[in-house]
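Coordinate inspection notes
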Amino acid sequence: MSPSLESRIELCHAPTPLEPMDRLGEWLGLAPGTLWVKREDCTGLAGGGNKARKLEYLCAEARAEGCDVLVTGGGRQSNHARSTAAAANRLGLGCTLVLAGTRPDHPTGNVLLDQLLGADLVWAGDLDYYGTEAAITEACDRLRAAGRRPYAVPVGGASPVGTLGYVRAGLELVAQLPDLDLAVVADGSGGTHSGLVAALGDHQRVLGVDVGTRPDLDDRVPEMARAAAALAGLPEPAGRVQIDHDRIGPGYGAPTPETRIALDAAARWEGLLLDPVYTGRAMAGLIRAAREGRIRSGQKVVYMHTGGTPALFAAGYAEWIETGAGSAGPPVR
Ligand SMILES: *Cc1c(COP(=O)(O)O)cnc(C)c1O
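As the structure is a prediction and not an experimental result, all values here were calculated from the model. (Residues numbered from 1 in each chain as written. Predicted model: local features only at pLDDT ≥ 70, side-chain atom pairs only at ≥ 80, totals over all residues. Heavy atoms only, no water.)

Comments concerning the pairing of strand β4 (residues 94-99)
As a general feature of sheets, a regular strand has side chains that alternate between the two faces. Most of β4 is tucked away: five of the six residues are buried. When strand β3 (residues 69-74) meets β4, the two strands line up parallel, connected through six bridges. Residue V69 lies in a different strand from β4, and its bridge partner there is G94. Crossover handedness for the path β3 to helix α3 (residues 79-91) to β4: right-handed. As defined by bridge partners, β4 adjoins strand β5 (residues 120-123) across four bridges and the pair is classed as parallel. The partner of L97 across the bridge, within β5, is L121. The β-α-β motif built from β4, the intervening helix α4 (residues 109-116) and the parallel element β5 has right-handed crossover chirality. (Buried < 20%, exposed > 50% of the residue type's maximum accessible area, 1.4 Å probe, protein only. Helix = DSSP H or I, 4+ residues; strand = E, 2+ residues; numbered from the N terminus. Pairing = 2+ DSSP bridges. Right-handed = clockwise from strand over helix to strand, strands pointing away.)

Structure follows, in structure tokens:
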């Protein structure tokens, strides 16, 4: 039997809240009641974030296949790796994480949490997106040779099964705000974007903001959206994929001036904490779309807060946050 919207193990606090952002909206020239934030940072699993949604479905498949260890990977500060380690613990499974880079002398942010959660960490050196996928496969082969039954979770949880998590979240969002025009979301692996498109039925209703991890988002997002819609029993999504590729700057995770403005604006207008890698770039994309008039007056827009707060505490960002604080937001009174 193929997986469906029912094939999940509950790991999330859901429905997550949908909150107004009228103060930020006013700064952007948007009418009251038109700008909202979907609090996917509040999914509850070991710090929350979007990966918990996908893991509900991925873990159900791992269980159905009789696996005893989850294997995944990502960048050093991967939120997905941390979330997978937490899910494994909830279900009594082992967890191996293949991380790009070398073992840090002083673990910070998500690496510290990976250690606290007790995952087996494999430091794999310089890896790009598909190099990480290959390293996950190799780790599974080693575990199988040692008599284990590994379940390979792709980078970002981005398989059609994992994407079902965001079909479910998208349906939840439509129930909260039926006349929503546009959701804005960070694109790493593209799974979150794809699931939302499948739920909302039209690529025109989702704007992805590329954070610079995956080279082939323009092909993979429509493909995963179609596959997830089919699994969920929904119609094939209409329209053409929308991705903003211009917010990457020097590369994945690199601080940029506009990300800094985005972090300040969210923090100072709304008391909302964003991270420099994903949610800050998505907000920079939203700010740009509003400033360039691509959001029409009265359109209802939902900013997807996909989590990532632990990355704020990763080595390297403290100085960037300390210097030049207050680049956007209300004047200090
Ligand atoms: C992984 C991640 C994303 C991107 O989600 P994808 O489904 O991989 O595109 C966005 N925000 C945060 C905080 C993430 O950890």
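Some details on the packing of helix α9 (residues 257-270) against helix α10 (residues 279-291)
Two elements in contact, α9 and α10, have axes whose closest approach is 8 Å; the angle formed by their N-to-C orientations is 90°. Between α9 and α10, the crossing angle belongs to the class labelled roughly perpendicular. Contact residues: α9 offers E258, T259, A262 and L263, while α10 offers G280, R281, M283, A284, I287 and R288. Tallied by class, the residues present in the contact of α9 with α10 amount to five nonpolar, two polar and three charged. (Axes fitted to C-alpha atoms, helices over the stretch in contact; angles between N-to-C directions. Parallel < 35°, antiparallel > 145°, perpendicular 65-115°, else oblique. Contact = heavy atoms within 4.5 Å. Nonpolar A, V, L, I, M, F, W, Y, C, P; charged D, E, K, R; others polar.)

Points about the environment of R39
Here R39 is to be found in strand β2 (residues 35-39). Looking at R39, its side chain comes within polar contact range of the side chain of D41, at 2.9 Å. (Polar contact = N/O pair within 3.5 Å; in protein donor to acceptor, adjacent residues only side chain to side chain.)

Here we look at the sheet that holds β4
With parallel pairing, four strands are arranged side by side in an open sheet as β5-β4-β3-β6. Bordering the open sheet on either side are β5 and β6 (150-152), each of which pairs with just one other strand. Recorded for the sheet is a direction-independent mean angle of 25° between the axes of neighbouring strands. Bridge count between β3 and β6: three bridges; the pairing is parallel. Looking at the pairing, V69 lines up with P150 of β6. On the sheet, helix α5 (residues 129-145) packs against β3, β4, β5 and β6 and is oriented at approximately 155° with respect to β3.

Thoughts on the site of the ligand
Close to the ligand lie 15 residues, the nearest being K51, K54, S189, T192 and T306. For the ligand, an oxygen atom lies 2.9 Å from a polar atom in the side chain of K51. G191 has a polar backbone atom sitting 3.4 Å from an oxygen atom of the ligand. Relative to its unbound accessible area of 380 Å², the ligand is 98% covered by the protein chains. Under a 2 Å grid-point criterion requiring more than half of the atoms, the pocket assigned to the ligand is the largest pocket. Elements supplying a minimum of two residues to the shell around the ligand: α2 (51-64), β7 (182-187) and α7 (191-200). Tallied by class, residues from the shell around the ligand come to two nonpolar, ten polar and three charged. Two domains each put at least three residues into the shell around the ligand: domain 1 (18-48 + 158-322) and domain 2 (51-156). (Near = heavy atom within 4 Å. Areas by Shrake-Rupley, 256 points an atom, 1.4 Å probe, with all protein chains shown as cover. 1 Å grid on protein atoms, 1.4 Å probe; cavity = no way out; pocket = protein on both sides within 12 Å on 5 of 7 lines; lining within 4 Å. Sits in = over half its atoms within 2 Å of the grid points. Domains from an automatic or database assignment.)

Structural notes on the sheet that holds β7
The strand order across the open sheet formed by six strands is β1-β2-β10-β7-β8-β9, and the pairing between neighbours is mixed. Of all strands in the sheet, those bounded by a partner on one side alone are β1 (18-20) and β9 (243-244). Lying over the sheet, α10 contacts β2, β7, β8 (206-210), β9 and β10 (301-305), oriented at roughly 165° with respect to β10.

What about unusual backbone geometry?
For the peptide bond that leads from A14 to P15, omega is 0°, which places it in the cis range. Here P15 shows up in the segment before β1. Non-glycine residue A46 carries a positive phi angle of around 45°. Note that A46 resides in the loop between β2 and α2.

Details of the nonpolar core
Counting residues in each nonpolar core, the largest one holds 38 residues, and the members touching the most others are C59, L70, L97, Y151 and V167. Secondary-structure elements contributing two or more residues to this core are α2, α3, β4, β5, α6 (160-176), α7 and α8 (217-232). If one sorts the elements of this core by residue count, α2 sits on top with seven residues. When residues of this core are sorted by domain, at least three fall in each of domain 1 (18-48 + 158-322) and domain 2 (51-156). The residues touching Y151, leaving out its near neighbours within four places in the chain, are L58, E61, A62, E65, C67, V69, L70 and V71. Counting residues in each nonpolar core, the second largest holds 37 residues, with M21, L263, W269 and A290 among its members. (Core = buried A, V, L, I, M, F, W, Y, C linked by side-chain atoms within 4.5 Å.)

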